[in-house]
Protein chains: 2
Amino acid sequence: MVEALRANGLKVTHQRTEIIREIVQTKDHPDVETICRRVRGRIPAVSLDTVYRTISALFERGLINRIMVDAKRARYDADVTRHNHFVCDTCGRIVDIDSTGRGGCRASDKLSEVGVVERVEVLFRGKCIHCVADQE
Amino acid sequence: MVEALRANGLKVTHQRTEIIREIVQTKDHPDVETICRRVRGRIPAVSLDTVYRTISALFERGLINRIMVDAKRARYDADVTRHNHFVCDTCGRIVDIDSTGRGGCRASDKLSEVGVVERVEVLFRGKCIHCVADQE
DNA sequence: ATTCGTGCAAACTTTTTGCAGAGTT
DNA sequence: AACTCTGCAAAAAGTTTGCACGAAT
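Quick notes on the rules
Residues numbered from 1 in each chain as written. Chains lettered and ligands numbered in written order. Predicted model: local features only at pLDDT ≥ 70, side-chain atom pairs only at ≥ 80, totals over all residues. Heavy atoms only, no water. Domains from an automatic or database assignment. Contact = heavy atoms within 4.5 Å. Buried area = accessible area lost by both parts, 1.4 Å probe. Polar contact = N/O pair within 3.5 Å; in protein donor to acceptor, adjacent residues only side chain to side chain. Nonpolar A, V, L, I, M, F, W, Y, C, P; charged D, E, K, R; others polar. Near = heavy atom within 4 Å. Helix = DSSP H or I, 4+ residues; strand = E, 2+ residues; numbered from the N terminus. Buried < 20%, exposed > 50% of the residue type's maximum accessible area, 1.4 Å probe, protein only. Salt bridge = Lys/Arg side-chain N within 4 Å of Asp/Glu carboxyl O.

1. Considering the domain arrangement of chain A
All names here are of chain A. Domain parsing of chain A yields domain 1 (2–76) and domain 2 (81–135). Using C-alpha coordinates to define each centre, domain 1 is positioned 23 Å away from domain 2. Across the boundary between the two partners, domain 1 contributes six residues, which contact seven residues of domain 2. Counting the surface domain 1 buries against domain 2, the share from its top three residues, His29, Ile67 and Val69, is 58%. Run the count over domain 1 and domain 2 and you get four residue pairs in polar contact (both at pLDDT 80 or more). Taken together, the residues of the side of domain 1 that touches domain 2 break down into three nonpolar, one polar and two charged.

Laid out in structure tokens, this is it:
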């Protein structure tokens, strides 16, 4: 991934290396503030702006995914391969879901008249097992 | 829809009637500011807060849908029946797409271990015909 | 009459931006 | 050396909230 930085004309700084390490390591789709907090475990002086700028740069170049789950707070995913997400509306947890078989989703015929589809995002919303259990 | 207000213990005010009229009439999935601007054509004194509060109240009761397409600005849809959306990443246009056949989407088996799915949101992202044409 | 909604203003949160100094190629 | 990145602070944008008045039931 650090290679991808260079390939995209971005400079490889200490901060960026750690931000990338953090987002690649985790599978919990953190938001910017969470990434920042975690990176501060290793680089206490990182500023939130730097995390925003790094994440935006990576997203614009397609190196990470942005997941919009609630009205505020974007969340990010280092896995850019085709897959779907389950979102718990109670606790906010996001879990990766493989897209089965032929992509998981069929477009209606009307779609080609509307535009060119470059990406399909599937969000399963509901309540995760932990929150279902807590409810009782 | 105005009936649904009463059924949910919400008072039927002049502002709410017009806000609902506006969002039901249009199919372009407007954001709060757009709804407010349009309602002002008929009630010049509506405040943006009132639109926010009305829209939130409707959304919380499941009477309208919220669509998160970009990092800022939620967009709303009075159609709460099962359907998908095409989003143009260039101009922001959102077009309704019927979900074909058996719901349009199959979940992987893993899903039932993760939680209970209450809703599935499918977003087709790409470039709409207008933006493809403008590009040339 | 009671309860809820509205408008105003201000607060809050998330994200973006200008700038001077430091780091990377 | 050139250019970009960082951190600080301040600003911008979207959304929420406290309060007093007005409207709906």
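2. Section: the protein's contact with DNA strand D
Taken together, the neighbourhood of DNA strand D is formed by 23 residues, with Gln15, Arg16 and Thr50 of chain A together with Tyr52 and Arg73 of chain B sitting nearest. Protein-proximal atoms of DNA strand D, defined as those within 4 Å of the protein, fall in sugar or phosphate at a share of 68%. Arg16 of chain A places a side-chain nitrogen or oxygen 2.8 Å from a phosphate oxygen of DNA strand D. Residue assignment for the surface near DNA strand D shows that the elements contributing at least two residues are α2 (14–25) and α4 (48–60) of chain A together with α4 (48–60) of chain B. By residue number, the principal contributor to the surface near DNA strand D is α4 of chain B, which donates five residues. For the surface near DNA strand D, the per-class residue count stands at seven nonpolar, five polar and eleven charged.

3. Structural notes on the environment of Phe59 of chain B
All names here are of chain B. Examined against the element boundaries, Phe59 turns out to sit in helix α4. A residue is classified by how much of its surface remains accessible, and Phe59, at 26% relative accessible area, is partly exposed. The contacts of Phe59, once residues within four sequence positions are left out, are Ile64, Asn65 and Arg66.

4. Remarks on the protein's contact with DNA strand C
What surrounds DNA strand C is a group of 23 residues, the closest being Tyr52 and Arg73 of chain A together with Lys11, Arg16 and Thr50 of chain B. At a separation of 3.4 Å, a base oxygen of DNA strand C approaches a polar side-chain atom of Arg53 of chain A. Gln15 of chain B is positioned with one of its side-chain polar atoms (N or O) 2.8 Å from a sugar or linking oxygen of DNA strand C. By residue number, the principal contributor to the surface near DNA strand C is α4 of chain A, which donates five residues. Residues that form the surface near DNA strand C fall into these classes: seven nonpolar, six polar and ten charged.

5. Some details on the side chain of Asn84 of chain B
Considering the arrangement of structural elements, one finds Asn84 of chain B in strand β3 (residues 83–88). Polar contacts involving the side chain of Asn84 of chain B include one to the side chain of Arg82 of chain B, which spans 3.0 Å.

6. Some remarks on the environment of Thr13 of chain A
Residues and elements named next belong to chain A. Relative to the helices and strands, Thr13 is located in the loop between α1 (2–7) and α2. A relative accessible area of 31% means that Thr13 is categorised as partly exposed. A C-alpha to C-alpha distance of 13 Å links Thr13 and Ala57, two positions 44 residues apart in sequence. A distance of 3.2 Å separates a polar side-chain atom of Thr13 from the backbone nitrogen of Arg16.

7. Some details on the pattern of salt bridges
Residue and element names in this part refer to chain A. Scanning the entire structure with this criterion turns up 18 salt bridges over all chains. The residue Asp89 makes a salt bridge to Arg125 at a minimum N-O spacing of 2.6 Å. Of this pair, Asp89 sits in the loop between β3 (83–88) and β4 (94–98) while Arg125 is found in strand β5 (residues 115–128), placing the two residues 36 residues apart along the sequence. Accessibility expressed as a relative area gives 8% for Arg125, which makes it buried. Here Arg119 makes a salt bridge to Glu121, at a shortest N to O gap of 3.5 Å. Here the salt bridges share partners, and the residues they tie into one network are Glu18, Arg21, Glu22 and Arg42.

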